[in-house]
Amino acid sequence: MTGKDAALHLGVLAVLLAAFFVLPEYHSGSLARIMVLAVYAMGYNLAFGYTGLLSLGHALFFAAGMYGLALSMQIGGWPALPAFLLALGAALAVAGAVGVLALRTRGVGFMIVTLMFAQAGYLTVLYFGAWTRGDEGFALPQEVRNLFGLDVTTPAGRYFAALALFAVVLLALGALVRAPFGRTLIAIRENEARAAMLGYDVQRLKWIAFVVSGVVSGAAGAAYALLFGYAGATFAGVQYSIFPLLYVLLGGAGTTLGPFVGAVFMFYLIDLSSGITTAYMLVAGLALVLLTLFLPQGILGTLRRRALPWLP
Amino acid sequence: MTRKRLLTPDYSRRSALKTLGLGAGALAATTALPRFVQAQSSAPIRIGFQVHRTGIGASYGRWYDRTTQAAVKRINDAGGINGRPVEIVAEDDGTDAKRGAEVVEKFATQLNCDIGFGTLFSHVVIGSAPRAGELKLPYFVVSEGHHVASGMLNRYTLQPGITDVKSQVQAMAPFVANNLGKKVTMIFPDFAFGHDHRDYFSKAIAEQGGEVVAMIAIPPTETSFTKYFPQIPRETEVVYHVMVGPAVLTFVKELGEFFGPSRPELFGFIDSLEAVDITSPGLEFLEGTYFWEGNPRYAQENQSEYDKAYREAVGVDANGASVSDAKDVSTYAHMFGCWETLNIIKAGMEAADYQGPDQRAALIEAVEAMTEMPEGMDHPQGPKVFNGKTHQVFGVQYISQVKDGKLVLAHTTSIDDTLYPDEVDYTTQSF
């Protein structure tokens, strides 16, 4: 990571730290949720933005993390930390297995296979409704939702827990994509055949990227269940596979902060337009079309191309 | 580098920063707007209405909205609550659990609402209730889910205006066993709503000396049902069906084609056909069959004066459709819950002498103290009993038969038929 990258990332984290004390409660609360969703999108970005793997099935990993944590707390009575680790393990196992099979395909085939795996995951959640409560989902009791003694049901506890996860993932992925491993992923994205010809084990590297991406997505899912107290099959549905793709495309694929910018943009686009008109999805759709037309590389991607070439 | 410049002739770093700066300024200005200060006792009581305007619950949401507006008009015409007008602050939750939670947060921390109200779909309720509890926002749901009475939620979440699915389903068993038959095949969607019916009805019918001879779970993505019907045992006397969603028309049509004229008795939940005209093509097969109704859609011969006045206030004709559009069929079996819940909120606020958010806990305690709710203009659906410990109301249920394309009331259950042992005591939870 270069000095500028580090300064930018630490600067963003400092701003987010200060934001809790400055912003009105509604916006700081929303920012906590946005940071969790941004972590999901950052995980997705590693597969799509850096490795060129256009997955339509990441909701499966988000849900693996969400149910890994929520079920182990609800049924197993586990404390939050071991449950969170189990959630990471669940996402790792699911992403590892799906990666082995899905990465045998590429392009449109990869999109369809990941989409189908996610749909199978969604139906699995419904099938085991006796435990998952299917589409209805279940709430996690307030009293068990604490981490290292930190009550994550309070505004401050929730915000700083979300910020901590966001910071760890941002800095770790920021370092990862600047490391030789990340550079190799970019090489694969740009020209897979050339990367293979240069001697890289492309298939193995793609699998590792896919698994790391899935685990980060699972961490976001677990964090959502822990911080907001709910696990439900909606989060395993196809729209939750599309959301990170949207966030990444809007913010800038292959930029470290693009997923966060995209998540902020989408949240406020929906939130503000819903206050103006009931046809807010139309407004959101129109804004997305315009952004895609005029900023095809996303907000930060375009900023990097036109003004700030050093932007990580 | 040359290419980059050629592509961006009129977009400098300065202009980009300027745009970003303007955007940030606009956001800051929005957030810095002075908040509504409830300085005067005549300031409106703001009720955050979490409404399904879009998504799968939109047809329910449309009628929940109309009922809510009518109930609030009646309350305001009668002087409001504690002398203050009631203002509905509606926000669409997209019938989505995540957005639902965001909307509750918005009610509590941005829109200065006194309470949240009106949610129907269970996943939105369950996704939102934890946030309502954490933000200490009284959250009055109109969902008919068993989630409140099951103890899953929290002290701030109440369901005082509509009965829950467990009580509805178990109250059907005596009628089914005594009038339609004791050997029942259940056909239900293979998700939580269907599972509630499967679990509660199979237990209740056994207590009536009946039995479920087959359970046929239909995957939620299914669009054709013919292949499932051969699983219905020959000995079946009653088919109990709770299919929901747009596929219900296909379901009924194919069921009719399968059985022809020699069908067993059919019993269903009107949830399948809320906002759907019972005379729609393909539904002819339902003639003579029975349905649970939370509130009879068609004005009955012995219609109460309360139902008549309520129907008129909301704008529903004698056939259960909008007075301005006969094709716009209401969700009559459920939407009364909004009307009754708002009247309970009024009664609770008056009992607690509610003046502002500091008295939210007092409002909850006032509602918890409620018991008997006699039939009247505040409760036009019928009499009810509220259980303050479980935060759930219990009331009469209606069973109607389709006759000449109309739903005609055949049986009204007692409240006792709907009761079951408490599963939680929310009053032991602290505020």
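Cut-offs used in this document
Residues numbered from 1 in each chain as written. Chains lettered and ligands numbered in written order. Predicted model: local features only at pLDDT ≥ 70, side-chain atom pairs only at ≥ 80, totals over all residues. Helix = DSSP H or I, 4+ residues; strand = E, 2+ residues; numbered from the N terminus. Buried ≥ 20, exposed ≤ 12 C-beta atoms within 10 Å, placed from the backbone. Contact = placed C-beta atoms within 7 Å. Pairing = 2+ DSSP bridges. Axes fitted to C-alpha atoms, helices over the stretch in contact; angles between N-to-C directions. Nonpolar A, V, L, I, M, F, W, Y, C, P; charged D, E, K, R; others polar. Left-handed = near helix turned anticlockwise from the far one by under 90°. Domains from an automatic or database assignment.

**Some thoughts on the overall build of chain B**
Stage number 1. Helix and strand counts for chain B come out as eleven helices and 17 strands.
Stage number 2. The 431 residues of chain B split such that 49% are buried.
Stage number 3. The contacts in chain B between residues at least 6 apart in sequence include a share of 68% that link residues at least 24 apart.

**Considering the sheet that holds strand β16 (residues 398-403) of chain B**
Residues and elements named next belong to chain B.
Stage number 1. Overall, mixed pairing links the seven strands, which are arranged β7-β6-β8-β9-β10-β16-β17 in an open sheet. Whereas interior strands pair on both sides, the edge strands pair on one side only; in this sheet they are β7 (211-218) and β17 (406-412). With direction set aside, neighbouring strand axes in the sheet form an average angle of 25 degrees.

**Concerning the interface of chain A and chain B**
Stage number 1. In this complex, chain A contributes 30 residues to the contact, which on the side of chain B involves 35 residues.
Stage number 2. For the side of chain A that touches chain B, the secondary-structure elements that each account for two or more residues are α2 (25-50), β1 (138-139) and α14 (298-306) of chain A.
Stage number 3. It is α2 of chain A that contributes the most residues to the side of chain A that touches chain B, five residues altogether.
Stage number 4. A breakdown of the residues in the side of chain A that touches chain B according to their chemical character gives eleven nonpolar, 13 polar and six charged.

**Describing the packing of helix α4 (residues 80-102) of chain A against helix α10 (residues 202-228) of chain A**
Residues and elements named next belong to chain A.
Stage number 1. At a minimum axis distance of 8 Å, the contact between α4 and α10 shows a crossing angle of 145 degrees. α4 and α10 meet at a crossing whose hand is right-handed. Only W207, F210, V211, G214, V215, S217, G218, A219, A222 and L226 of α10 make contact with α4, whose side of the interface consists of A80, F84, A87, L88, A90, A91, L92, V94, A95, G96, G99 and V100.
Stage number 2. A per-class count over the contact of α4 with α10 returns 17 nonpolar, five polar and no charged.

**Looking at the domain arrangement of chain B**
Residues and elements named next belong to chain B.
Stage number 1. For chain B, the assigned domains are domain 1 (45-163 + 334-395) and domain 2 (166-293 + 401-408).
Stage number 2. Between the C-alpha centres of domain 1 and domain 2 there is a distance of 31 Å.
Stage number 3. Residue-level contacts link eight residues of domain 1 with seven residues of domain 2.
Stage number 4. Partitioning the side of domain 1 that touches domain 2 into residue classes produces three nonpolar, five polar and no charged.

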